[in-house]
Amino acid sequence: MIEGFKHGLASELVAFHVQGDVGILTIRNGSQNTIPSPYFLDVGRVESWVDSNRLKSLVFTGFGRNFSAGADVKGINEAAGKSAKLLAETLDEGKDILDFIAAMPIITVAAIGGACFGAGLEIALACNFRISGANALFAFPESNIGIMPGLGGTFRLPALIGHGPALEFIVSGRVVGADEAMKMRLVDRVVPAKTHLEASVNFLEGLVKGKDKPQISSIIKTFCNWQDGNKELAMKEESRLFAELASKLADKNGKRGGR
Amino acid sequence: MATITDEIKSEVEKIIYDFFSEECEVEISDLKTSTRIIEDLDGDSLLFVELVEILKKKYALDIQLQTLGKYLIKNPAETIGQVIELSQLIIEHGNGIVEIVKR
């Protein structure tokens, strides 16, 4: 077991807030919000918090100026020095956390200001949308120190922006600003600096207004099934979920039992 | 190597004061060339990365952060005055900055 690295202080690293109908998870770790461990989030706590607050949408953001400058490089060096095998297993479990975020049955947005590097960018990539302040910066700087993204960046980024641009971005380790990130389709919209959180909450409130949770979760579930590559399941599930929603609607409109 | 005019020097200085005032939420009148970015403004290295990106965009600069990192190891920029001086050197020399031997 890689003490410290394996057991990150997940419960202390992310703060939970609710604003209206929108949940806000804030990464808080020093001025750069570094991610000390792939175990940055207690998924059980997130699940129960989302359920108990009946949330339909969620924002991930960073406290203060930066979203997250990425993993704690010192922690990675120490963990790798102890056991490369255990480090790989820890990263696998960290990927499970990001898979959990990607498959959440609610709409998720990464509200990004300042640095969004490495593991921070991988968290943002696991969200449905990325809303960036004009001052945001994006990079996978791992290449510059002889490593590579390890929490899904090598497959989530190409899926989002295409193979070539993703490969160039990851191998070069270069930093891009918000405007270029928008051109690359790495982010969905750019808003004035320091308004990214407010813009994200407003976006989500507008998007889910008048929609009920089963409707939203059904849409996301079918998206995830297709992205997972199981087309047969995706098609069947879409039909089943459509029928379920339509049936509920028929009940509501008093149309149950035919003409 | 680009020539940097007095006008651009003043413009860079203004950009830097405005940037630190805005990002660190400090009045411009409270900032001096001797103001230390980490100790006095509670800043960090990412502020400098952000500033370089602003300068790159404004002056169409060719400068890699890795190159800048090599220069900064030998010539750290800890105060606003040093950041101004470094920014002007970046505009003048771009990636060639690493060849400069600071007197």
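Before any of the text, the structure's been laid out above.
Model, not experiment: these values are computed from the prediction. (Residues numbered from 1 in each chain as written. Chains lettered and ligands numbered in written order. Predicted model: local features only at pLDDT ≥ 70, side-chain atom pairs only at ≥ 80, totals over all residues. Heavy atoms only, no water.)

### Points about the side chain of B:Thr35
Residues and elements named next belong to chain B. In this structure, Thr35 sits in the loop between α1 (6–24) and α2 (45–59). For Thr35, a relative accessible area of 8% corresponds to the buried category. For Thr35, the side chain forms a polar contact with the main-chain nitrogen of Lys32, separated by 2.8 Å. If near-sequence neighbours (up to four positions away) are discounted, Thr35 is found in contact with Asp30, Asp40, Leu41, Glu78, Thr79 and Ile80. (Helix = DSSP H or I, 4+ residues; strand = E, 2+ residues; numbered from the N terminus. Buried < 20%, exposed > 50% of the residue type's maximum accessible area, 1.4 Å probe, protein only. Polar contact = N/O pair within 3.5 Å; in protein donor to acceptor, adjacent residues only side chain to side chain. Contact = heavy atoms within 4.5 Å.)

### Things to note about the interface of chain A and chain B
As a measure of interface size, the accessible area lost when the parts come together is often cited. Taken together, the 15 residues of chain A in the interface contact 13 residues of chain B. Carbon and sulfur atoms make up 46% of the surface buried where chain A meets chain B, a total of about 1200 Å² over both sides. The largest share of the area that chain A buries against chain B comes from A:Arg65, A:Leu137 and A:Lys194, three residues that together contribute 43% of it. Applying the counting criterion to the chain A and chain B interface returns 5 salt bridges. A salt bridge links B:Glu25 to A:Lys194; the shortest N-O distance between them is 3.9 Å. Our count for the chain A to chain B interface comes out at 5 residue pairs in polar contact (both at pLDDT 80 or more). Of the residues in the side of chain A that touches chain B, the class split is 5 nonpolar, 7 polar and 3 charged. (Buried area = accessible area lost by both parts, 1.4 Å probe. Salt bridge = Lys/Arg side-chain N within 4 Å of Asp/Glu carboxyl O. Nonpolar A, V, L, I, M, F, W, Y, C, P; charged D, E, K, R; others polar.)

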